[in-house]
Protein chains: 2
Amino acid sequence: MDYLEDLLSEQIPTSEETEKLGEISSAIIREINDICRANNINASCTEVGSVSKNTNLKSSDIDIFITFDKAYPVDYIEKKGLEIGHRVLKNGTEKYAEHPYVSGYVKGIKVDIVPAFKINNGEKIVSTVDRTPLHTLYVNSNTNEAMIHDIRLLKVFMKRINVYGSEIARSGFSGYLCELLIIHFKNFDRLMKHMANLRGKLIVPEDAEDKFAEPVIIIDPVDPSRNAGAAVSEENLSRLKLASKIYISGRLDILNHTPSVNRERGTHIRVFVIKKPDIIDDIIYPQAVRLKNRIWDILHNNGFMPVASEIYMGNDIEILIECKLEKLPGTKVHMGPPVESNESIRFIDMWNGNPRLMRGPYILKNRVYVDVRTEQRDMEGIIRKELRNSDIGKNLNEFRDEIKIINGEDADLEVVRKFFSKYLFN
Amino acid sequence: MDYLEDLLSEQIPTSEETEKLGEISSAIIREINDICRANNINASCTEVGSVSKNTNLKSSDIDIFITFDKAYPVDYIEKKGLEIGHRVLKNGTEKYAEHPYVSGYVKGIKVDIVPAFKINNGEKIVSTVDRTPLHTLYVNSNTNEAMIHDIRLLKVFMKRINVYGSEIARSGFSGYLCELLIIHFKNFDRLMKHMANLRGKLIVPEDAEDKFAEPVIIIDPVDPSRNAGAAVSEENLSRLKLASKIYISGRLDILNHTPSVNRERGTHIRVFVIKKPDIIDDIIYPQAVRLKNRIWDILHNNGFMPVASEIYMGNDIEILIECKLEKLPGTKVHMGPPVESNESIRFIDMWNGNPRLMRGPYILKNRVYVDVRTEQRDMEGIIRKELRNSDIGKNLNEFRDEIKIINGEDADLEVVRKFFSKYLFN
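Residues numbered from 1 in each chain as written. Chains lettered and ligands numbered in written order. Predicted model: local features only at pLDDT ≥ 70, side-chain atom pairs only at ≥ 80, totals over all residues.

1. What about the overall build of chain A?
Quick note on the threshold: By definition, any uninterrupted DSSP run of H or I lasting at least four residues is a helix, any uninterrupted run of E lasting at least two residues is a strand, and each is numbered from the N terminus. For the radius of gyration, the atoms used are the C-alpha atoms, and the globule rule reads 2.2 Å times the number of residues raised to 0.38. By the criterion used throughout, residues are in contact when their C-beta atoms, derived from the backbone, lie within 7 Å.
Of regular secondary structure, chain A possesses 13 helices and 15 strands. Here chain A has a C-alpha radius of gyration of 28 Å; the compact-globule value for 426 residues is 22 Å, and the former is much larger. Projecting the C-alpha coordinates of chain A onto the three principal axes gives extents of approximately 90 × 55 × 45 Å. Looking at chain A alone, contacts between residues at least 24 apart form 62% of all its contacts between residues at least 6 apart.

2. Notes on the domain arrangement of chain A
How big an interface is tends to be expressed through the accessible area that disappears when the partners come together. The test is simple: Domain ranges listed in this record stem from an automatic or a database domain assignment.
Along its sequence, chain A is carved into domain 1 (10–124), domain 2 (143–256), domain 3 (268–327 + 377–420) and domain 4 (331–373). Measuring from the centre of the C-alpha atoms in domain 1 of chain A to the corresponding centre in domain 3 of chain A gives 40 Å.

3. Topic: the environment of A:Ile148
Residue and element names in this part refer to chain A. Selection rule: Here exposure depends only on C-beta density: within 10 Å of a residue's C-beta, 20 or more other C-beta atoms make it buried, 12 or fewer make it exposed, and intermediate numbers make it partly exposed, the C-beta atoms being placed from the backbone.
Mapped onto the elements of the fold, Ile148 is located in helix H6 (residues 145–160). On the basis of neighbour count, Ile148 is assigned to the partly exposed category, with 18 C-beta atoms found within 10 Å. As for Ile148 and Asn56, which are separated by 92 residues in sequence, their C-alpha atoms are 9.3 Å apart.

4. A few points about the relation of the copies chain B and chain A
Stated formally: In superposing the copies, a least-squares fit is computed on C-alpha atoms, taking residues whose pLDDT is at least 70 in both.
Of the transformation superimposing chain B on chain A, the axial component is 0.0 Å and the angular component is 180 degrees, with the fit at an RMSD of 0.1 Å. What we have between these two chains is a two-fold relation. The rotation axis passes nearest to the C-alpha of B:Leu325 in chain B, at a distance of 3.9 Å. A symmetric contact is evident, with 100% of the interface residues of chain B recurring at the interface of chain A.

5. Looking at the sheet that holds strand E11 (residues 316–323) of chain B
All names here are of chain B. Our working definition: In this scheme, strands are said to pair when DSSP sees at least two bridges between them. Axis definition: a line fit to C-alpha positions, over the contact stretch in the case of helices; interaxial angles, taken between N-to-C directions, run 0 to 180 degrees.
Pairing in this open sheet of four strands is antiparallel, and the strands run E10-E11-E9-E15 from one edge to the other. In this open sheet, the two edge strands, each paired with only one partner strand, are strand E10 (306–313) and strand E15 (404–407). Neighbour-to-neighbour, the strand axes of the sheet open up by a mean angle of 20 degrees, direction not taken into account. In this structure, strand E9 (residues 268–275) lies alongside E15, joined through four bridges in antiparallel fashion.

6. Some points on the packing of helix H2 (residues 15–38) of chain A against helix H4 (residues 74–88) of chain A
All names here are of chain A. To keep things clear, this is the line we draw: Here is the rule for angles: anything less than 35 degrees is roughly parallel, anything more than 145 is roughly antiparallel, 65 through 115 is roughly perpendicular, and the remaining ranges are oblique. Two helices cross in a left-handed way if the nearer one is turned anticlockwise from the farther one by less than a right angle. They cross in a right-handed way if the turn is clockwise. Here the term charged refers only to Asp, Glu, Lys and Arg, the term nonpolar to Ala, Val, Leu, Ile, Met, Phe, Trp, Tyr, Cys and Pro, and the term polar to all other amino acids, Gly among them.
It is the contact of H2 with H4, at a shortest axis distance of 11 Å, that shows an interaxial angle of 130 degrees. It follows that H2 is oblique to H4 by the angle criterion. Note on packing geometry: the crossing formed by H2 with H4 is right-handed. Between H2, through Ile28, Glu31, Ile32 and Ile35, and H4, the contact on the second element is made entirely by Ile84, Arg87 and Val88. Tallied by class, residues from the contact of H2 with H4 come to five nonpolar, no polar and two charged.

7. Things to note about the interface of chain B and chain A
Each partner contributes to the interface: chain B provides 48 residues, whereas chain A provides 48 residues. For the side of chain B that touches chain A, the elements supplying multiple residues, two or more each, are helix H9 (234–248), strand E12 (331–338), helix H11 (344–351) and strand E13 (357–364) of chain B. Looking at the side of chain B that touches chain A residue by residue, the classes come out as 21 nonpolar, 13 polar and 14 charged.

8. Description of helix H5 (residues 132–141) of chain B
In an α-helix there are 3.6 residues to a turn, and that puts residues three or four apart on one side. Judged by how many residues are buried, H5(B) sits mostly within the fold: seven of 10 residues are covered. Looking at the buried positions of H5(B), the neighbouring elements they touch are strand E1 (43–48), helix H3 (49–53), strand E2 (62–68), strand E5 (109–117) and helix H7 (175–185) of chain B.

9. Topic: H6(A)
All names here are of chain A. We count it as follows: Expected span of a helix: the number of residues minus one, times 1.5 Å.
Look at H6: 23 Å from first C-alpha to last across 16 residues, which is about the 22 Å you get at 1.5 Å a residue. Those residues of H6 not exposed but buried are Asp150, Ile151, Arg152, Leu153, Leu154, Lys155, Val156, Phe157 and Met158. Of the surrounding elements, those touching the buried residues of H6 are helix H1 (2–11), helix H7 (175–185) and helix H8 (188–197). Once H6 ends, the next one or two residues include Asn162, with phi positive near 60 degrees.

10. What about the sheet that holds strand E15 (residues 404–407) of chain A?
Residue and element names in this part refer to chain A. One open sheet holds the four strands; their spatial order is E10-E11-E9-E15, and the pairing between them is antiparallel. Among the strands making up the open sheet, the edge pair consists of strand E10 (306–313) and E15. Strand-to-strand twist of the sheet, defined as the mean angle between neighbouring strand axes without regard to direction, takes the value 20 degrees. Strand direction decides the pairing type here: E10 and strand E11 (residues 316–323), joined by seven bridges, are antiparallel. In the sheet register, Met313 faces E11, and the bridge partner there is Ile317. Contacts from helix H10 (residues 281–301) reach strand E9 (268–275), E10 and E11 within the one sheet, and its direction differs from that of E10 by about 160 degrees.

Printed below as a string of C-alpha cells:
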C-alpha cells in the first residue's frame, strides 16, 4: 500500500502551488464579478473543477464559470461569456465545448472561463455544463479531509491503471466519479473491497434501479435521472475490478510486470494510416473507431479472418488489423438458386463456358452451386476498392483516397508498439 | 425425347433374354416346390424382383423367394432356406441380408434364393423381406404394357442422372419406387410434369399425411404405415426435379455437358486413404461418411476452414478434403476467466513468464485473455493426433493407424477425379 502513497506523494500539489492557484482564481472571480456589476449583467462567477474541491493533483487547470440568469437567451450568454473571457485572459483563445469559451494562461496556469446558466438543485438544466457548479457544491458539502486524501489516492490509482479520464478515446472515470465513489464508500479501502468482490455492473448506490444500459451506473446526486457513469467502458470497469483484487491481495507487483513482446506471430498484420483532421479528439476518435470497424468488416466479409486490432491517434490515425489469411483462396463457392425455382436452368446456362467457372454446376441439398475463380485475392486491393465509395466519417472522407497501407509487424509505428505491448492495464 | 427412347432401346431385354429368364425361373420354382412337397415343408416358391414384374432392364438377376408358413421359427426357415438354396444352386455361395441366403449362377444368370415368411396384405410382417412378394403382386395387378414401358424408361432416365439404386452409397430411387411413381402418375410425361413443378418434398399420393421427416415420402401401398421413399437423399430428389425441368423444357443437352476441370484452385487439398474392410458397402459406407465428417470437424475446429469434400469407395476408402488454410496461424487467442472471478489473478500468474505466451495478458470486455503460441500448426500432425484415440467406426478402427495422407490436387486417385468432375448429376 506504501507503493500507492508514494505515487500520491509525487502528485499531490505543494502548498506553494495551492496558494498560487487560490490567488489566481480569487483575482479572476473578483474581476469578473466587477465587470458584471458594472455592466448590469445578472450573473455571478464561481470556481468549479478539482481545484475548487481541493481534490486536484499537481499541475491542474483552473475552471471558472460565469453563471447567468436563466432568463437570458443562449446567444446572449455565449456572446457575453466570450467578451468577458477575452477581457480577463488577454492572450486567450476560443474553444468550443457545449458553448464557445475562452482558454488562456495566467502566470503559467491554464485557465478556462466558461459561460453557463445558473440553476438550483432540482431545476431543469438548459445545457449539461449548468450542472457543474452543483457538482462542486455537492462535493464540497460531502467531503472531509480524509476523504479528500482518498479521492486523490483513487485518482492516482486510476491513472496508474489507465482508467482515469472521461475523454472518449479513454472512456474512463472522470474526477467527479472518483469523488462520488469515495463519498459513497466513505474511503479508498472500502471501495477497493467492494470492487474486488463485485460481479457484473457497478451500481451506485447499490440499491439504485438498474434502468441504464451501461456497465457503470453511478446516479448523479444532483440529478437522479442521470447516469454519471455512462461514459465508462466495460474494459475500464473490468480493469478497476481486477486492479482492486490486486490491491486487496497485496499483489501490486502485477501492475509492474513488463510484458514480453514476441513479434513472430505467424499471422498477417497491416496498418492503415490516415491523416487526422485538425479537430478535437472527442469528435475524431469515434470516426476512427468506425473506420477501424469498417475495415475489419470488409476483411471479415471477404474471408481474411481478422483476429485482433489496435488503434492509435497521434499526428495521424493508425489502425492495425491482424488477419489469419494474407491472400484469399483462388476459388469460392457460389450459391445458385433452388433447383425447383424457375431460375435454375438459366443459372446453369449462364455458367456454361464462363471462364470464371472452376467446377460444377453441382447440387447440394436443394440448390445449384458453382465454384468460381476469386478475381481479387489480395487484402489491399479489396480494401481500397470497398472504401472508395463509402462514407468513412464526416471528417475523414476527404482523406479517404490517401490511406496508406503498411505491411507487417516491423513497421516503425506507435500502433504497432501499442499492439505488441498490450497488457492488462493498457 | 428420342434421346431417352434411344437409351431405352439399348437397355430393354431382347425376347431371347426374356425367354431364357422365364425358363430358368420356372425350372427353379418347380424344383423348390417339389422339394417342399416331398419333405412336408409348408412353404411355396415365388419369383419376385423386376424380372417377375417385366420391368427389368438388360442383364437383370433372378430373385426367387421361398415363403414359409408364419408358424415356423426364424432359425428353421433360415436353415431350410440355405439347404434348399444349396440343393438348387450347386455352386452357390452364402450371403447375408435380413436372413442368410444362397446366391449362384444358372446358365450365366445370377440367381438369389431367399427365405421369407408368407404374409397376406395387411398382416404384420416378421422381417422386411416378407413384404417383397406383396410388392410383386401389387405391381403386377396395377400395370399395363404402356406403364411397363414407362417404368423402364424412368429407370433408364434415373440411371442416366445417377439417382437409381437404393444402396446406401447411392441413396437413390429403387426399382420399386420407379414402379410406384409410374403407377401413381399413370405415365412418364405426367410424372415429369409433376416433378418439374414440384416445390419441397415429393409426397405420393399428394394428399398423404406429411408425417415422415424424409424429403421423399412415397406411401407403400401394401403397408401404408411405411415410407417406401425413406432412403432417397435430398440431393437425389433435387437431381430428379432438375432433370425433369430439363426434360420438360427439351434441354436434354444439359445432361451431356462436359464440365471443365480446373485444378488451380488456390486452396489446400488433402486425401485421406484408409483400407476398406471386406464387408458389404452398405455397412462400410456409413462408417466412411462418419470418418469423413470426423476429419472435417477436426479441421474445422482447429481453424483450417474446410470448404469442400468428396468420398470414393474402391479398393480403399478415399476421403478428400479441401481447406482454405494449410498451416495454422502461429498465435491463437486464449480466453481466460472473467476478471471478477477468483481465478483471474491465478490465470495472470500462470502465464507470467510462460514460454508459450505471445502477448498479454490483456482485458477484453469482462475477461482476461492471452495470445499463446500454436504448438502444432500443420494439418497432418493434428489429424493423426486427434484420430489416434478416437472411435472411427467398428470396422475401420483396426486400420486407423495406417491412414495415408496424400497431398494435393494432382494425386492419381479416383476421389480426386470425382472431386474435379463434380457436376449436376454426379
